[in-house]
Amino acid sequence: MSVAQRPRIGIIGTGAIGGFYGLMLARAGFDVHFLLRSEFTAVAERGLLLNSAVHGVLSLQPVQAYRSVVDMPRCDWLLVGAKTTSNKALAPIIGQAAAEGAKVVLLQNGLGVEGELRPLLAQSLHLLGGLCFICAHRSAPGVIEHQALGRVNLGYHSGPAGDVAARQQIVDAGVALFTAAGLDSSAMPDLDQARWQKLVWNVPYNGLSVLLNAGTRALMANADSRALIEAIMQEVVDAALACGHEMPQGYSGTLLAATDHIPDYLPSMYHDFAQQRPMELQAIYAAALAAAEQAGCELPRTRALYQSLRFLEQRSLGD
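In this report, the structure presented in the accompanying data block is examined. (Residues numbered from 1 in each chain as written. Predicted model: local features only at pLDDT ≥ 70, side-chain atom pairs only at ≥ 80, totals over all residues. Heavy atoms only, no water.)

**Describing the packing of helix H6 (residues 191-211) against helix H9 (residues 251-260)**
- Contact pair H6 / H9: the axes reach a minimum separation of 10 Å and the direction vectors enclose 55 degrees. The orientation of H6 relative to H9 falls into the category oblique. In this structure, H6 crosses over H9, and the sense of that crossing is right-handed. For the pair formed by H6 and H9, the contact residues are Gln-197, Val-200, Trp-201 and Tyr-205 on the first element and Tyr-251, Ser-252, Leu-255, Leu-256 and Thr-259 on the second.
- Here the contact of H6 with H9 is built from residues that sort into 6 nonpolar, 3 polar and no charged. (Axes fitted to C-alpha atoms, helices over the stretch in contact; angles between N-to-C directions. Helix = DSSP H or I, 4+ residues; strand = E, 2+ residues; numbered from the N terminus. Parallel < 35°, antiparallel > 145°, perpendicular 65-115°, else oblique. Left-handed = near helix turned anticlockwise from the far one by under 90°. Contact = heavy atoms within 4.5 Å. Nonpolar A, V, L, I, M, F, W, Y, C, P; charged D, E, K, R; others polar.)

**Re the pattern of salt bridges**
- The tally for this structure, following the rule as stated, stands at 8 salt bridges.
- Across the pair Arg-226 and Asp-260 runs a salt bridge, and its minimum N-O distance is 2.8 Å. A residue pair is termed long-range when its members are at least 10 positions apart, and Arg-226 in helix H8 (residues 223-242) and Asp-260 in helix H9 qualify at 34 residues.
- Ionic pairing is found between Arg-277 and Asp-272, a salt bridge with its closest N-O pair at 2.7 Å.
- Judged by its relative accessible area of 26%, Arg-277 is partly exposed. (Salt bridge = Lys/Arg side-chain N within 4 Å of Asp/Glu carboxyl O. Buried < 20%, exposed > 50% of the residue type's maximum accessible area, 1.4 Å probe, protein only.)

**Details of the environment of Pro-267**
- In this structure, Pro-267 sits in the loop between H9 and helix H10 (268-274).
- Separated by 183 residues in the primary sequence, Pro-267 and Thr-84 place their C-alpha atoms 15 Å from one another.
- Discounting chain neighbours no more than four positions away, the residues touching Pro-267 are Trp-201, Tyr-205, Asn-206 and Ser-209.

**Things to note about the packing of H6 against helix H11 (residues 281-294)**
- Between H6 and H11, whose axes approach to 10 Å, the crossing angle comes to 125 degrees. Regarding the angle of H6 to H11, the classification is oblique. Here H6 runs over H11; the crossing is left-handed. Contacts between H6 and H11 involve Trp-196, Leu-199, Asn-202, Val-203, Asn-206 and Gly-207 from the first element and Ile-284, Tyr-285, Ala-288 and Ala-291 from the second.
- A per-class count over the contact of H6 with H11 returns 7 nonpolar, 3 polar and no charged.

**Details of the environment of Asp-31**
- Within the element layout of this structure, Asp-31 appears in strand E2 (residues 31-35).
- Taking C-alpha positions, Asp-31 is 7.5 Å from Arg-6, a pair spaced 25 residues apart along the chain.
- Not counting residues within four places of it along the chain, the set of residues in contact with Asp-31 comprises Pro-7, Arg-8, Ile-9 and Gln-64.
- Only 3.3 Å separates the side chain of Asp-31 from the side chain of Arg-8, close enough to count as a polar contact. (Polar contact = N/O pair within 3.5 Å; in protein donor to acceptor, adjacent residues only side chain to side chain.)

In structure tokens form, the structure reads like this:
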């Protein structure tokens, strides 16, 4: 991809996810613009720093950083790394930052997030889902700790691309952006199915990290918590199948084995709870439970986990 062909990319939500992918794209030569709120001053003054176990220590300075979307140029691609809890408030921001016919990629966890945001966006915008397989968190303003992985897979949700070929062309262009930045990426033919697959990991590990105050290493080392993880995974697999989505054979076992080999990791929900931020309970739990119930599938362990997390969040936030 020549410099002349490289699009302008906007990062909406420069946390661990948006910061990581934005930094990697910028260092690969793309024209990347970052929208920040509380961390604007730190990033504008000191740039972004990535301490990566995979790529080494990388920095980006200066950063094209903005405190307000009105100061940003309109972008051809928008990568939304903000939490799903703020999606409704993000819709006007996305509208202001998007060039005509822009591609909006939700780098978010959970189920149904594109469907909730779609009615709030202009019909001229393409909406894609981006599933990030990465262990990363912020350790300080503008500082990202990257422990493992980094793949991001893309799928087309909705927009003016009217046929399969046109949609595939857009997804392939997005995949090319990430591969040009040295990151693994691939196209997903069925976005809903892919989101269910990711829930198989996210549902047990995110919630149990909060409930048991433990990272993946401790959760996997204890026989009781490991058995609970496996049981919750199977519930999510069963729900996906009930909703009409195929799952790879032995998928839960594959995820358990993969988690055994990553460094000790505290999922994003753990950090949200520790910092008294709203957790993504709607996208990761409530949406999946509702879809499963509609398909006639009950998830008792998942529902108990969700109810426990709601109690903890309401007490933490004083709601």
